[in-house]
Amino acid sequence: MKVEFDEDTCIGMFQCVAEWDAFEEDKSKGKAVLRDSEEVEDGVFVREVPEDAELDAKFAARTCPVDAIRIYDDDGEQLIP
């Protein structure tokens, strides 16, 4: 499973931070940051989701009010949103 985070879409509500510790607040930018991720295109960050964090990652994606977080299964199919 992987998570994709669109930093440009993020509006800094930080609900994801409360759901999964892979996200943290960047108060200087007013946006969340996806730790240990790789920028795959301008402002879009991707990382693998450890098996023991899959539920937390899904909750983080579901709580994002602007759908800046997308979850994909191992076959590349988008699960959330």
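Criteria and thresholds
- Residues numbered from 1 in each chain as written.
- Predicted model: local features only at pLDDT ≥ 70, side-chain atom pairs only at ≥ 80, totals over all residues.
- Heavy atoms only, no water.
- Pairing = 2+ DSSP bridges.
- Helix = DSSP H or I, 4+ residues; strand = E, 2+ residues; numbered from the N terminus.
- Core = buried A, V, L, I, M, F, W, Y, C linked by side-chain atoms within 4.5 Å.
- Buried < 20%, exposed > 50% of the residue type's maximum accessible area, 1.4 Å probe, protein only.
- Contact = heavy atoms within 4.5 Å.

Taking an unreviewed UniProt entry as the reference, the protein chain is identified by name as Ferredoxin belonging to Natronobacterium haloterrestre.

Novice: Which parts of the structure should I look at to understand the pairing of strand 4 (residues 38-41)?
Specialist: Here is the key point about a regular strand: its side chains alternate between the two faces of the sheet. Strand direction decides the pairing type here: strand 4 and strand 5 (residues 44-48), joined by 3 bridges, are antiparallel. The residue bridging E41 from the neighbouring strand is V44, located in strand 5. Between strand 4 and strand 5, which follow one another and run antiparallel, lie 2 residues, and G43 among them has a positive phi close to 80°.

Novice: Looking at this structure, I do not really get the nonpolar core. What am I missing?
Specialist: A general tendency of soluble globular proteins is for nonpolar side chains to be buried together. F5, W20, F23, I69 and I71 are the most contacted members of the largest nonpolar core, which totals 21 residues. Examining the composition of this core, we find that 3 residues originate from one element, helix 2 (residues 54-63), more than from any other. Leaving out residues up to four positions away in the same chain, W20 has contacts with V3, L34, R47, V49, P50, A53, D56, A57 and A60.

Novice: Mind showing me how you'd approach the pairing of strand 6 (residues 69-72) here?
Specialist: What you see with strand 6 is no split at all: I69 and I71 on one side and R70 and Y72 on the other are buried throughout. Bridge analysis of strand 1 (residues 2-6) against strand 6 gives 4 bridges, and the strand direction is antiparallel. Across the sheet, the residue bridging to F5 is I69, located in strand 6. Across 2 bridges, strand 6 lies against strand 7 (residues 78-80) in antiparallel orientation. Bridged to I71 within strand 7 is I80. Hairpin connection, strand 6 to strand 7: the antiparallel pair is bridged by 5 residues, and G76 has positive phi, about 90°.

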